[in-house]
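Chain and residue survey
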Amino acid sequence: MKKLLLVFILIFPTLIFSQKIFVVDREYNSDLKIFVVNREYNSDLKVFKVEREYNAEGNEGLWFFVEREYNSDKKVFFVDREYNSDLKIFFVERKYNSGWKNVSKKYLLY
């Protein structure tokens, strides 16, 4: 029983905090407003777009963009102005480069 509980504790956070993202077309429908910066050092989070849903685990910037809202963990809206955003992201080309630069905003994706 203790082993089962330990396995559940280790696996459960990755199930809760997976990063399946749906892009909405109206700001008021979103959970989060995002601005894409053009320099890595200006970002709060470095994001890598994964190609498979099962690769989008944890809260470390591995995002999988879903086509249906009901399949998503978070609904996002991309804003045109940095001051309108809740989170600034930078898209990286390598999975190992993803991650938080501003951990104080990590709660936004829980």
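All figures in this text were calculated on a predicted structure; none of them were measured in a lab.

Some remarks on the nonpolar core
Here is a general trend for soluble globular proteins: nonpolar side chains tend to be buried in one another's company. Residues Phe48, Val50 and Phe64 are the most contacted members of the largest nonpolar core, which totals 14 residues. Contacts of Phe48, omitting those with residues within four sequence positions, involve Gly61, Leu62, Trp63, Val92, Glu93, Arg94, Lys95 and Ser98. Val47, Val76, Leu87 and Trp100 belong to the second largest nonpolar core, which has twelve residues in total.

As for the environment of Ser98
By the element assignment, Ser98 lies in the loop between strand E6 (87-91) and strand E7 (99-100). Separated by 52 residues in sequence, Ser98 and Lys46 have C-alpha atoms that sit 4.7 Å apart. Setting aside its immediate chain neighbours within four residues, Ser98 contacts Lys46, Phe48, Glu60, Gly61, Leu62 and Val92. Separated by 3.3 Å, the side chain of Ser98 and the backbone oxygen of Glu60 make a polar contact.

Calculation criteria
- Residues numbered from 1 in each chain as written.
- Predicted model: local features only at pLDDT ≥ 70, side-chain atom pairs only at ≥ 80, totals over all residues.
- Heavy atoms only, no water.
- Core = buried A, V, L, I, M, F, W, Y, C linked by side-chain atoms within 4.5 Å.
- Buried < 20%, exposed > 50% of the residue type's maximum accessible area, 1.4 Å probe, protein only.
- Contact = heavy atoms within 4.5 Å.
- Helix = DSSP H or I, 4+ residues; strand = E, 2+ residues; numbered from the N terminus.
- Polar contact = N/O pair within 3.5 Å; in protein donor to acceptor, adjacent residues only side chain to side chain.

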